[in-house]
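Residues per chain are reported as follows:
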Amino acid sequence: MSTSLANAPLDIRAIGLPLERLDGRAKVTGTAPYAYEQPLADPLYVHPVQATIARGRITAIDVAAAKALQGVVAVITHENAPRLASDEDKELWVLQSAEIGFRGQFIGAVIADHPEVARQAAGLVRVEYAAQPHEAELRADGDGLYTPKQVNPDYPTETDEGDVDAALASAAVTVDQTYTTPWENNNPMEPHTTVAIWADGGLTLYDSTQGTHSVRAMLAPLFGLQPDRVRVIAPHVGGGFGSKGTPHAHDVLAGLAAQAVAGRPVKLALTRQQMFCLAGYRTPTIQRFRLGADREGHLSAIVHEVVEQTSRIKEFAEQTAVPTRLMYASPNRRTGHRLAALDVPVPSWMRAPGETPGMFAGEVAMDELAVTCGLDPIELRVRNEPAVDPESGKPWAARNLIGCLREGARRFGWDQRDPTPAMRRRDGWLVGTGVASSTYPRYAMPGSVASIRYGADRRYAVRIGAADLGTGTWTALTQIAADALGCPVEAIALEIGDTDQPKATVAGGSSGISSWGSTIVAAARAFRAEHGDDPGAGAETSAEMPENPDEKRFAMHSFGAQFAEVHVHADTGEIRVPRMLGVFSVGRIINPRTARSQFIGGMTMGLSMALHEESVMDPRFGHIVTQDFANYHIAANADVGDLDAIWLDEQDPHSNPMGSRGIGEIGIVGAAAAIANAAYHATGIRLRDLPITPDKLLS
Ligand code: MOS
């Protein structure tokens, strides 16, 4: 099929090289400025005061003791905080009313000359509440479940094709199970941090964010400012996993604090504990999955019904059942989402939102069907491969799930596998292997602009206000710019991370490199058309991301296969994962070194999800009790065995001129299911409730 002009492929030279991170040296020597470390004269420090009830209102707030502490410059509460201009987003409606929507919500802040003083003073604020009854527990039979109008980012809530009830009733083989995943919190290494300066009627933020321009776009109207009066700077970010994909309440609190002490910079860094209720999190899910098939494993019905939560103050509807719509062929398919609006912190984006919990349920259900049919789980997937996208009927731009499964099977030694569970024992350990599919949509977001200027130093200044959230954007965009301009990487001077640069979309939905890269290519093509390849100093051109007509013609998704070996101790139930392999089909790889780090990072996060991560809610208080790394364990080196990620040698002619698709999120998808399926193969015990812990295996 023909390729659109927007995707006309590049002459590839720098793309594909395993370049070291251009920002690596600055990071390991401590000279890369993260938000909190920005050198600013005479800063003040902000420490928040948080609500200790889950629902109700403040009846009295006494700040006298806090204000009296030496070093305190100001205390702000809903009674005296500067007014915001829009209450459209209640998560960002900070210190504007006495209402409490969840435990941990900001109800005030102390601004002091030292962080320790601010923290101590925050503890001296006395608050009286009129509490109302609250609901903080997600239950499938809870009152008030509702059907949202759409799920994120803009998918239909429900789909219904054919007659699933009739198909299930007449199916030779069925699976009907409920799978649950817990509340999980994003924990990037760098806490959410905003340094704010209010001066000359404008706001400057050094922010730890995945999108400088998106922070500006959301905060400017909130503070009643024209967008060009808000500047957001983020040259380096210490991870986000989606939690820095949109501004949260702390961005606003820092802005209000800066306004209250106008002229002086204020620094606000959330503590690790505060991040568990103020930076977004992955909703817990309760997922009923039903499959109907004939004895040979050909699916006749797929039903995926999800119950999940949002906060009462703001809707966030995770797209958990959406991947089910495209994974396997079946004439009868139904998916749907129901939401519980609870008095809890506001859920948000967490690495592969939707795909991550949804594919856990779906890929364990497929494993259960394989067992029931007596089929190899890879063969079951091959038999249900859809020729076109089942939902839209569009052709796939590229779908190489089977290639990933087959290549992974070959490398992992899958042909040695005896399908009978609980058969292998080694030194007191039960041994099993498991597989699961992986998928993630190919997104690109319209609206970015890049400018290119040739300097007297004979280098191209390539400017775009993108963010590198730690993934390698500095390096990958430099490689793309070099090929687009037909010059060595040394001739590129990339400038990112600042709203003073042309508009860039968010580093989210694994769309960053696709969006910004194709924008840079468009700008480079315009530059070369205008100025040639021997430009004079000062030559400058800019361009917007071109439209890609292939987006409408094709279903564009990445695929992968995850393999895991699990050992379970027969006496203690201890679980180890000595071996994992991921094989991915993601188009062309821009930089194998940084790409590999994205894949194995995602897989490690999937391992962590499978065995460790769980935020425990005490519904009596609406309180997340697991607020630190002692209680909320994240997989560390000691938990990770021989973990490897590879990719098929591909280029995608429809996605963009680089031939790439996104890679930031697909690594987590399916990893937890592969481990759960391997744990079943090891023990014969099917666990459908994450995380898989020894107590669940022993009971
Ligand atoms: Mo990702 S959760 O879309 O930043």
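An account of the accompanying structure is given in this report. Please read all numbers here as calculations on a predicted model, not as lab measurements.

1. What about the overall build of the protein chain?
Assigned secondary structure in the protein chain consists of 17 helices and 29 strands. The C-alpha extent of the protein chain, read off along each of the three principal axes, is 75 × 70 × 50 Å. A total of 699 residues make up the protein chain; the buried ones form 61% of that total. The long-range share in the protein chain, meaning contacts at least 24 apart out of those at least 6 apart in sequence, stands at 82%. Taken as a whole, the protein chain presents about 25800 Å² of accessible surface, with 50% of it coming from carbon and sulfur. Taking the average place of the 63 positive charges on the side chains of the protein chain and the average place of its 83 negative ones, the gap between the two points comes to 1 Å.

2. Remarks on helix α12 (residues 473-485)
Compared with the 18 Å implied by 1.5 Å per residue over 13 residues, the 18 Å span of α12 between its first and last C-alpha is a close match. Within α12, 13 of the 13 residues are buried, which leaves it mostly tucked inside the rest of the structure. Just downstream of α12 lies Gly486, where phi reads positive at about 65°.

3. Observations regarding the sheet that holds strand β3 (residues 72-77)
Taken together, the 7 strands give an open sheet; going across it, the order is β3-β5-β1-β14-β11-β12-β13, and neighbouring strands pair in mixed fashion. Of all strands in the sheet, those bounded by a partner on one side alone are β3 and β13 (230-233). Strand-to-strand twist across the sheet, computed as the mean angle between neighbouring axes with direction ignored, equals 20°. As paired elements, strand β1 (residues 44-50) and strand β14 (residues 266-269) share 2 bridges and run parallel to each other. Note that in β14 the partner of Leu44 across the bridge is Val266. Strands β12 (202-207) and β13 of the sheet are contacted by helix α5 (residues 212-222), whose axis makes an angle of about 150° with β13. Lying over the sheet, helix α6 (residues 249-260) contacts β1, β3, β5 (106-112), β11 (193-199), β12 and β14, oriented at roughly 30° with respect to β11.

4. With respect to the packing of α12 against helix α13 (residues 512-531)
At a minimum axis separation of 9 Å, α12 and α13 run at an interaxial angle of 30°. Taken together, the axes of α12 and α13 are roughly parallel relative to one another. When you trace α12 past α13, the crossing you get is right-handed. Note on element contacts: α13 touches α12 through Ile513, Trp516, Gly517, Ile520, Val521, Ala524, Phe527 and Arg528, opposite Thr473, Ala476, Leu477, Ile480, Ala481, Asp483, Ala484 and Leu485. Grouping the constituent residues of the contact of α12 with α13 by class yields 12 nonpolar, 2 polar and 2 charged.

5. Comments concerning the layout of surface pockets
Within this model, the second largest pocket holds a volume of roughly 620 Å³. Lining the second largest pocket we find 24 residues, and of these Tyr155, Pro441, Tyr443, Met556 and His557 sit closest to its centre. Among the elements of the structure, β8 (155-156), α8 (324-327) and β25 (555-569) are those that each provide at least two residues to the lining of the second largest pocket. With 3 residues, the top contributor of residues to the lining of the second largest pocket is β25. Taken together, the residues of the lining of the second largest pocket sort by class into 13 nonpolar, 3 polar and 8 charged.

6. Overview of the nonpolar core
In terms of nonpolar packing, the biggest core is built from 81 residues, with Leu291, Leu369, Phe563, Met580, Phe599 and Ile675 touching the most fellow members. Apart from the residues within four sequence positions on either side, Leu291 is in contact with Leu168, Val173, Thr174, Val175, Leu299, Ala301, Ile302, Ala365, Met366 and Leu369.

7. Digging into the sheet that holds strand β24 (residues 540-544)
Strand order in this open sheet of 4 strands is β23-β22-β21-β24, and the pairing throughout is mixed. Strands with a single pairing partner mark the edges of an open sheet, and in this sheet they are β23 (492-495) and β24. Ignoring which end each strand starts from, the neighbouring axes of this sheet average 15° apart. Pairing analysis gives 4 bridges linking strand β22 (residues 460-463) to β23, with the strands arranged parallel.

8. What about the packing of helix α9 (residues 355-373) against helix α16 (residues 671-683)?
The relative placement of two packed helices is expressed as an angle between their axes plus a distance between the axes. Taken N-terminus to C-terminus, the directions of α9 and α16 make an angle of 35°; their axes are 8 Å apart at the nearest point. Relative to α16, α9 is oriented so that their crossing is right-handed. Contacts from Met359, Phe360, Glu363, Val364, Asp367 and Val371 in α9 reach Ala672, Ala673, Ala676, Asn677 and Tyr680 in α16. For the contact of α9 with α16, the class distribution of residues is 8 nonpolar, 1 polar and 2 charged.

9. Focus on the packing of aromatic side chains
For any pair of aromatic rings, the description rests on two quantities: the centre-to-centre distance and the angle between the ring planes. One pass over the full model with this rule turns up 14 aromatic pairs. Centroid distance Tyr179 to Phe360: 6.4 Å. Interplanar angle 90°. Geometry classified as edge-to-face. Here Tyr179, found in strand β10 (residues 173-181), pairs with Phe360, found in helix α9; they are 181 residues apart in sequence, far enough to count as distant. Given the relative accessible area of 0%, Tyr179 is considered buried. Measuring from ring centre to ring centre gives 4.6 Å for Phe584 and Phe599, while their planes differ by 5°; the resulting arrangement is stacked. With Phe584 in strand β26 (residues 575-585) and Phe599 in helix α15 (residues 592-611), this residue pair connects regions lying 15 residues apart in the sequence. Under the relative-accessibility criterion, Phe599 is labelled buried at 0%. Aromatic ring contacts, followed pair by pair, group Phe412, Trp414 and Phe563 into a single cluster. Directly above the ring of Tyr36 sits Lys267, whose terminal nitrogen or CZ lies 5.2 Å from the centroid.

10. Considering unusual backbone geometry
For the bond from Asn152 to Pro153, the omega torsion is -15°, close enough to zero to count as cis. With respect to the element layout, Pro153 can be found in the loop between β7 (150-151) and β8. Residue Pro691 is bonded to the preceding Leu690 through a cis peptide linkage, with omega at -5°. Looking at the secondary structure, you find Pro691 in the loop between α16 and α17 (694-698). Positioned with a positive phi, Asp42 is a non-glycine residue whose angle comes to about 60°. Relative to the elements of secondary structure, Asp42 occurs in the loop between α1 (24-28) and β1.

Parameters at a glance
- Residues numbered from 1 in each chain as written.
- Predicted model: local features only at pLDDT ≥ 70, side-chain atom pairs only at ≥ 80, totals over all residues.
- Heavy atoms only, no water.
- Helix = DSSP H or I, 4+ residues; strand = E, 2+ residues; numbered from the N terminus.
- Buried < 20%, exposed > 50% of the residue type's maximum accessible area, 1.4 Å probe, protein only.
- Contact = heavy atoms within 4.5 Å.
- Areas by Shrake-Rupley, 256 points an atom, 1.4 Å probe, with all protein chains shown as cover.
- Lys, Arg positive; Asp, Glu negative; His and termini not counted.
- Charge placed at Lys NZ, Arg CZ, Asp CG, Glu CD.
- Expected span 1.5 Å × (residues − 1).
- Pairing = 2+ DSSP bridges.
- Axes fitted to C-alpha atoms, helices over the stretch in contact; angles between N-to-C directions.
- Parallel < 35°, antiparallel > 145°, perpendicular 65-115°, else oblique.
- Left-handed = near helix turned anticlockwise from the far one by under 90°.
- Nonpolar A, V, L, I, M, F, W, Y, C, P; charged D, E, K, R; others polar.
- 1 Å grid on protein atoms, 1.4 Å probe; cavity = no way out; pocket = protein on both sides within 12 Å on 5 of 7 lines; lining within 4 Å.
- Points joined across faces, edges and corners; volume = space filled by probe spheres on them.
- Core = buried A, V, L, I, M, F, W, Y, C linked by side-chain atoms within 4.5 Å.
- Phe/Tyr/Trp six-rings, centres within 6.5 Å; stacked < 30°, edge-to-face > 60°.
- Lys NZ or Arg CZ within 6 Å of the ring centre and 35° of its normal.

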